[in-house]
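Residue strings, one per chain:
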Amino acid sequence: MHNLQICVSSMEFCNRIILKHVSILLVFFLSFSTSKTVTPSLLDLVVTNTTVLHRNFTALSEFRMINRRILNDCSASNPFLEVNVDSNSTLSDDEFVRVTVTGVSNPSDGDWVAMISPSNSDVKSCVLNELFYLQTGDTAKLPLLCHYPVKAQYMKNDPNYLSCKNKECKKYQDGKCVISTCSGSIQFHVINIRSDIEFVFFSGGFLKPCLVGRSTPLSFANPKRPLYGHLSSIDSTGASMRLTWVSGDKEPQQIQYANGKSVTSTVTTFSQADMCSSALPSPAKDFGWHDPGYIHSALMTGLNPSSPFSYKYGSDSVGWSEEIQFSTPPAGGSDEVRFIAFGDMGKTPLDASKEHYIQPGALSVIKAIAEDVNSKKVNSVFHIGDISYATGFLAEWDFFLHLINPVASRLSYMTAIGNHERDYVDSGSVYITPDSGGECGVPYETYFPMPTSAKDKPWYSIEQGSVHFTVISTEHDWSENSEQYAWMQKDMASVNRQKTPWLIFMGHRPMYSSHQGLLSSGNKFNEAVEPLLFQNKVDLALFGHVHNYERTCSVFQQKCKAMPTKDKKGMDTYDGRNYSAPVQVVIGMAGFTLDNFSSNVESWSLKRISEFGYLRAHATRKDLSLEFVVSNTKEVMDSFHITK
């Protein structure tokens, strides 16, 4: 959820917000080494500071609207300028590169470098009708770039740049230097996005950019390498796991797993033609497009539930991933399951770059979850909507998949669709906001194939341990005459509570939130769907969309049907033996800038926390225990349980 919902009704107001000057301290990045790998100490430093670094670049950055600026050409004004990259002749799959700009006549606050991909993108101008890009929220006459920069940094991130500490004489006369220039270096985190990249130097800041010079294009050493593998469950047996990965290779590849087994991948992709658009072409269809390569998927079968295995994926021709250890989830109907749930995560840059959309808490959250996974405290993960926040800028899916890889490659990573994956005008979404940037669910469903019945029907259920999970789409029709409503009704009514005593309902937009001023699912969703939860005795309902943590009483139709009591340890305990109504929890605090709470507290709202983190759960047959974990400290700030 973001300002686009407000912008729909007030484009002028949105423009003023977007154009607001945002400044932020970048000091801690200035000490980065030139190492091409991220050491643990460096990663800890990055995690500690990224929240502050990127807080104000979520939907507010001047960079976000940069493709709408009129571009001037300043290349002739500086004959000495060069842009060089301190890297081998080719790029690895994951590295920091140092970009050095030399020959600068007059260093300025407004000097910056953009990372462009593909390198043959037109970085001069695209002469198109000014309405063509109106949905970006700006009204300049010409866009800056035909292809949106992947990321960008100001040269002043180098503390020696503005003071011209690194000075070089370019012309001597009578033994004296008559022309001298300055230089500076900044670091970019680069991952394998398959197409060549180029670094372009601009003056004039993000508001009045002027193209000065560009680097030589750089290629990746192996653009076909298999990368970003992530697992998901296909059924409730725990005996089969799907692996999905990305490669520049369209030929089928393999998974080798479980000491001798192998399976061949199916290969798919998507194109600009698959993206949604309107009279005003969407980012996904135009300037935000980046070739996704090929998405491979294969099914590992014959596994045992709740068991460790290893696998690698790839081929002899394009290379193999490392050997990865993973665990299958417990079979539905078994005694217990431990899972993590959250929404609205996205990704945080590992460098000091601006991007079109940044979620400042994402890195700290995934790092904390990885620690739980490494300690074998987790069987599966549920990410309930607003997945990558690519929103039509397709290269950002790769950065998101790279971010979650340490977790998603090791256990079942299940997802639900959110507004930033699906919503677009005239696309069949319940909500007509352009929140997906024209993606309309296509990249999401390709990267994250869930056990759904068909394409663009992203609802499903799955059982793990003692829990039946019903996962829906709040973005597709849920009204009483809809296909999804009929499915929800049938799915929840068919749950065998002897086999899986717990019924947990998940979707993106919440039924209850005391955060004011932002749209949730609205009363119609509650009127249609909440009675189903009550009739089928749903124990717990989890939602995202609002970017904080909030827990309710046992609530139905805005009224508390029961309140928790304190157990011997002082923990809130809901009596599920005498069912009253679902407990509802908003868990949209996994990355996006946090939402504050209203001072008017509703009677059904029992706990409100505005911190980055995630929900950690342990379900046995008699007890469902849950904890809200703050990612930066691993402190448990709320805990409760429901008993049977």
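Look up: the structure comes first, before these words.
Residues numbered from 1 in each chain as written. Predicted model: local features only at pLDDT ≥ 70, side-chain atom pairs only at ≥ 80, totals over all residues. Heavy atoms only, no water.

Caption draft 1: Inspection of helix α5 (residues 395-408) at higher detail. Taking 1.5 Å of rise per residue, the 14 residues of α5 would be expected to cover 20 Å, and the 19 Å separating its terminal C-alpha atoms lies within 8% of that figure. Helix geometry: α5 is bent most strongly at His402, by close to 30 degrees, with proline Pro406 lying one to four residues after it. By the criterion of burial, α5 is predominantly enclosed, with 12 of the 14 residues buried. (Helix = DSSP H or I, 4+ residues; strand = E, 2+ residues; numbered from the N terminus. Expected span 1.5 Å × (residues − 1). Bend = angle between axes of the 7 residues up to and from the residue. Buried < 20%, exposed > 50% of the residue type's maximum accessible area, 1.4 Å probe, protein only.)

Caption draft 2: Layout of the packing of aromatic side chains. For the structure shown, the criterion picks out 32 aromatic pairs. Ring geometry for Tyr512 against Trp604: centres 5.1 Å apart, planes inclined by 70 degrees, an arrangement best described as edge-to-face. Of this pair, Tyr512 sits in the loop between β26 (502-506) and α9 (523-535) while Trp604 is found in the loop between β32 (583-587) and β33 (605-609), placing the two residues 92 residues apart along the sequence. What makes Tyr512 buried here is its relative accessible area of 3%. The structure contains a cluster of three or more aromatic residues connected by ring pairs, namely Phe63, Trp112, Tyr148, Tyr154, Phe202, Phe206, Phe287 and Phe393. Taking the ring centre of Tyr154 as reference, the NZ or CZ of Lys156 above it sits at 5.0 Å. (Phe/Tyr/Trp six-rings, centres within 6.5 Å; stacked < 30°, edge-to-face > 60°. Lys NZ or Arg CZ within 6 Å of the ring centre and 35° of its normal.)

Caption draft 3: How the structure looks around the pairing of strand β13 (residues 241-247). In terms of burial, β13 is largely enclosed, as 6 of its 7 residues are buried. When strand β12 (residues 227-233) meets β13, the two strands line up antiparallel, connected through 5 bridges. By the bridge assignment, Ser232 is partnered in β13 with Arg242. Pairing of β13 with strand β17 (residues 294-300), which is carried by 7 bridges, proceeds in the antiparallel orientation. Paired with Met241 across the bridge in β17 is Met300. (Pairing = 2+ DSSP bridges.)

Caption draft 4: The sheet that holds strand β7 (residues 167-173), seen in detail. The strand order across the open sheet formed by 4 strands is β2-β4-β8-β7, and the pairing between neighbours is antiparallel. Two strands lie at the open edges of the sheet, namely β2 (82-86) and β7, each paired on one side alone. Taking each pair of neighbouring strands and ignoring which way they run, the sheet shows an average axis angle of 25 degrees. Bridge count for β2 against strand β4 (residues 94-104) is 5 bridges, and the pairing is antiparallel. Bridge assignment links Val83 to a residue of β4, and that residue is Val101. Packed on one face of the sheet, α5 meets β4 and β8 (176-191) and runs near 60 degrees to β8. (Axes fitted to C-alpha atoms, helices over the stretch in contact; angles between N-to-C directions. Contact = heavy atoms within 4.5 Å.)

Caption draft 5: Looking closely at the packing of helix α8 (residues 483-493) against α9. In contact at an axis separation of 10 Å, α8 and α9 are set at 10 degrees when each is read in the N-to-C sense. Taken together, the axes of α8 and α9 are roughly parallel relative to one another. Residues Tyr485, Met488, Gln489 and Met492 of α8 form the contact with α9, whose participating residues are Ala528, Val529, Leu532 and Leu533. Grouping the amino acids of the contact of α8 with α9 by side-chain chemistry returns 7 nonpolar, 1 polar and no charged. (Parallel < 35°, antiparallel > 145°, perpendicular 65-115°, else oblique. Nonpolar A, V, L, I, M, F, W, Y, C, P; charged D, E, K, R; others polar.)

Caption draft 6: Examining the pattern of salt bridges more closely. Scanning the model with the defined rule gives 23 salt bridges in all. Residue Arg194 pairs with Asp398 through a salt bridge whose shortest N-O separation is 3.0 Å. Pair noted here: Arg194 is in the loop between β8 and β9 (198-203) and Asp398 is in helix α5, with a separation of 204 residues, a long-range link. Judged by its relative accessible area of 14%, Arg194 is buried. Owing to a relative accessible area of 0%, Asp398 belongs among the buried residues under this scheme. Here Glu198 ties to Arg214 by a salt bridge, and the two come within 2.8 Å at their closest N and O atoms. With Glu198 in strand β9 and Arg214 in strand β10 (residues 210-214), this residue pair connects regions lying 16 residues apart in the sequence. Members of the salt-bridge network, linked through shared partners, are Lys367, Glu371, Asp372, Arg616, Glu627 and Lys634. (Salt bridge = Lys/Arg side-chain N within 4 Å of Asp/Glu carboxyl O.)

Caption draft 7: Quick peek at the sheet that holds β9. Spatial ordering of the open sheet is given by β1-β10-β9-β5-β6, a layout of 5 strands whose pairing is mixed. If you trace the sheet from one side to the other, it starts and ends with β1 (72-73) and β6 (151-154), each paired once. When β9 meets β10, the two strands line up antiparallel, connected through 4 bridges. What sits directly across from Ser203, in β10, is Cys210.

Caption draft 8: Structural detail: the pairing of β32. Among the 5 residues that make up β32, 5 are buried, leaving the element largely enclosed by the rest of the structure. Here β32 shows a buried face lined by Val583, Val585 and Ile587 and a second buried face lined by Gln584 and Val586. Where strand β27 (residues 540-543) lies against β32, 4 bridges are found, and the strand directions are parallel. Across the sheet, Ala541 pairs through a bridge with Gln584, a residue of β32. One ladder, built from 4 bridges, connects strand β28 (residues 549-556) with β32; its direction is antiparallel. By the bridge assignment, Ser554 is partnered in β32 with Val583.

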